[in-house]
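Here's the letter readout for the chains.
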Amino acid sequence: MKKIRGLFILILFFIFGCVTPKGTFYKDFDPQKLSVISVGEINSYSDNPSSGEMIKNLIVEHLLQRGYTVKERNSYDVDYVLVGSVTRFLPEKKYLVYIGTDKKQIILGGPLAEISGSYVYNIGSAFGIPDSNVVATNSTVGVSLRLIEKSSSNIVWTSSFVYEALTVETAADVVVNYLITSLTGKKRK
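Residues numbered from 1 in each chain as written. Predicted model: local features only at pLDDT ≥ 70, side-chain atom pairs only at ≥ 80, totals over all residues. Heavy atoms only, no water.

1. Topic: the nonpolar core
Piece 1. By size, the foremost hydrophobic cluster in this structure holds 32 residues, and its most contacted members are Ile55, Ile59, Leu82, Val141 and Leu147.
Piece 2. Those elements that place two or more of their residues in this core are strand 2 (36–43), helix 2 (51–65), strand 4 (80–90), strand 9 (139–149), strand 10 (155–165) and helix 3 (168–184).
Piece 3. At 9 residues, the largest contribution of residues to this core is made by helix 3.
Piece 4. When neighbours within four sequence positions are excluded, Leu82 is seen to be in contact with Ile37, Ser38, Val39, Gly40, Ile42, Ile59, Leu145, Arg146, Leu147, Trp157, Ile180 and Leu183. (Core = buried A, V, L, I, M, F, W, Y, C linked by side-chain atoms within 4.5 Å. Buried < 20%, exposed > 50% of the residue type's maximum accessible area, 1.4 Å probe, protein only. Helix = DSSP H or I, 4+ residues; strand = E, 2+ residues; numbered from the N terminus. Contact = heavy atoms within 4.5 Å.)

2. Details of unusual backbone geometry
Piece 1. At Ser153, a residue that is not glycine, the phi angle is positive and equals roughly 65 degrees.
Piece 2. Positionally, Ser153 belongs in the loop between strand 9 and strand 10.
Piece 3. Residue class for Ser153 comes out exposed when judged on its relative accessible area of 56%.

Structure below.
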């Protein structure tokens, strides 16, 4: 079973490693002209008010890793401003499921939540609690970005991406990496 799981993970890395990130560019825009970028407002997901700031920080990090100069939005020498929205931000969740000793009683700890669109894993039994299981769901992060030319107010690039991973940090990092690679054509150093 472990060999099959390892092979499956290797195939997923190969498939996603070969995927070229895509975005839509304005007809006359040349992404090679980018060297100084400002990261403007990234609107948060409605259920998580800090998600926009988290994504904004990751965008700055990814741009700096690729050698770009990142400045504040109101800097005089900024030609392009990157803005966007967090479209999905669903952190991973874990639930304790206790099945009574007579196998008829089922108790769930915590509120029930819809898990459609996420993978669900049975992690195993809870430490010290007989007849119990810990069930976990993946996290999902989605971001939509657009690059605006300050002088003309034209949107010169747009893209969006959604990813599901074991943790919200991993999902957010993969999404931002995909989007910044789509914009710049440069992979992370």
